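One letter stands for each residue in the lines below.
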Amino acid sequence: MTAARRASRLAGAALLVASAGAALLVAGGLGARADEETVTAVPISTFASAGIGQRVQGLIWRGGIEMQSQTDTFGGLSGLGFTGPDGRLVMVSDRGNFVSGQLLYDEAARPMGLIGVRIEPIQNSKGKELPRAYSRDAEALAVIIRDGKPSAVRVGFENLTRVADFALVDGLPQGPAREVSIPKWLSDTRTNETLEAVCIAPPTSPIAGSTLLLTEGIIDDDGQHSAYLLGQNDKGPLSYISGSGTNPTDCAFMPNGDLLVLERGIALFAFQMRLVRIPAADVKAGAHMKGELLLHAAGGDIDNMEALAVHTAPDGSTRITLVSDNNFNDWERNLLLEFSLPN
């Protein structure tokens, strides 16, 4: 794509999103905020030569956007969770920020933009900004549901490996971190390949309410990725078997309790990704989890895919949402891609 054509598409997308966003703000009574950031969105209509609504391997392609912003703190998106039925979402970044906003859809339920974007520093347990880069590397986010409503988010960090909860107020993370106890072998491993994925089992799961911690580069004696379940009744170690050349980078549970795992790797100087599904009954302490492949992609259709979430779109369909981490580099992109399972 030429620079001129790209600029034209960005301008058109920005105008479209700004107009829709203004209408939605007025209609929904959200109120504009002085500290909201502008994110432009370029629609993505095809994936692996498939059009929207067409099958791509084990999934249905539902559309996507490329997100861009002049704000230098927008990027590095590594974890994702939806905090409301209207497309409200929260992401975490490699630089220790919460990035929140509202995902808009067009009349055909295709992703079209991100509005109301706020970027705020993640706080430590004392309510202060995280003091240095080593402690800011947030890699995973899961939404905690209480009484049927999102009440908090659980965030996983690598380097200074830890897990912490943050309260949600009006769908936005607030206040100081509340540290969550994790196994010593995990907290003592301090590299950028430790805790990469955190997800919480839904009520339909045999391990309902338990938190799955999945590592990228902590390999056990069997050559598998070390994992751990935090729960009252379901607690203990397990492991994950990834594909050749890829490592787990996020996880999310489907409404029926099945587990999705996103894997990421590099092949022939290009990013590749795998998305696999593990039956609900196979997610338990002591298990060696290995999934059924739903999607494998490489090259220009994807980027550095790191975040995964499951939510309900305006048309009532269950969506699988993937987001890429641009590492704050000009040559990488912030993509948001959506799929669903075939009926």
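Residues numbered from 1 in each chain as written. Predicted model: local features only at pLDDT ≥ 70, side-chain atom pairs only at ≥ 80, totals over all residues. Heavy atoms only, no water.

Peer 1: Please set out the pairing of strand β6 (residues 77-82) residue by residue, giving values where relevant.
Peer 2: Judged by how many residues are buried, β6 sits mostly within the fold: 6 of 6 residues are covered. The sheet contact formed by β6 and strand β7 (residues 88-93) spans 5 bridges and is antiparallel. The residue of β7 that forms the bridge with Phe 82 is Leu 89. The turn joining β6 and β7, which pair antiparallel and follow one another in sequence, is formed by 5 residues; a positive phi near 85 degrees is taken by Gly 87. (Buried < 20%, exposed > 50% of the residue type's maximum accessible area, 1.4 Å probe, protein only. Helix = DSSP H or I, 4+ residues; strand = E, 2+ residues; numbered from the N terminus. Pairing = 2+ DSSP bridges.)

Peer 1: Lay out the pattern of salt bridges in plain terms, naming residues and giving numbers.
Peer 2: Following the criterion strictly, the structure yields 14 salt bridges and no others. One salt bridge in this structure joins Arg 277 and Glu 292, with 3.2 Å as the shortest N-O distance. Linking Arg 277 in strand β20 (residues 270-278) with Glu 292 in strand β22 (residues 292-298), this pair joins segments that are 15 residues apart in sequence. (Salt bridge = Lys/Arg side-chain N within 4 Å of Asp/Glu carboxyl O.)

Peer 1: Pulling in residues and values, what's your account of the sheet that holds strand β9 (residues 111-121)?
Peer 2: If you walk across this open sheet you meet the 4 strands as β6-β7-β8-β9, and the pairing is antiparallel. Among the strands making up the open sheet, the edge pair consists of β6 and β9. Here the strands of the sheet are splayed against their neighbours by 25 degrees on average, with no regard to which way each runs. Relative to β9, strand β8 (residues 97-105) runs antiparallel, the two sharing 8 bridges. Note on β9: the bridge partner recorded for Tyr 105 is Pro 111. (Axes fitted to C-alpha atoms, helices over the stretch in contact; angles between N-to-C directions.)

Peer 1: Describe the packing of aromatic side chains, with residues and values.
Peer 2: Enumeration according to the criterion identifies 4 aromatic pairs in this entry. For the pair Phe 47 and Phe 339, a centre-to-centre distance of 5.1 Å together with 85 degrees between the ring planes defines the contact as edge-to-face. Of the two residues, Phe 47 is situated in strand β2 (residues 46-47) and Phe 339 in strand β25 (residues 334-340); the sequence distance between them amounts to 292 residues. Residue Phe 339 is classed as buried on the basis of its relative accessible area of 0%. Cluster of aromatic residues (ring-pair linked, three or more members): Phe 47, Trp 61 and Phe 339. If you follow Arg 95 out to its NZ or CZ, it ends over the ring of Phe 328, 3.6 Å from the centre. Seen from the ring of Phe 157, Arg 162 lies directly overhead, with NZ or CZ sitting 3.8 Å from the centre. (Phe/Tyr/Trp six-rings, centres within 6.5 Å; stacked < 30°, edge-to-face > 60°. Lys NZ or Arg CZ within 6 Å of the ring centre and 35° of its normal.)

Peer 1: Can you break down the pairing of strand β17 (residues 236-240) residue by residue, with the values?
Peer 2: On any regular strand, side chains alternate: one points to one face of the sheet, the next to the other face. The buried fraction of β17 amounts to 4 of the 5 residues, a majority that puts the element mostly inside the structure. Note: strand β16 (residues 225-230) against β17, 5 bridges, orientation antiparallel. In the sheet register, His 225 faces β17, and the bridge partner there is Tyr 240. From the end of β16 to the start of β17, which pair antiparallel, there are 5 residues. Relative to strand β21 (residues 288-289), β17 runs parallel, the two sharing 2 bridges. Bridged to Tyr 240 within β21 is Met 289.

Function cannot be inferred from these measures alone, as they are strictly geometric.
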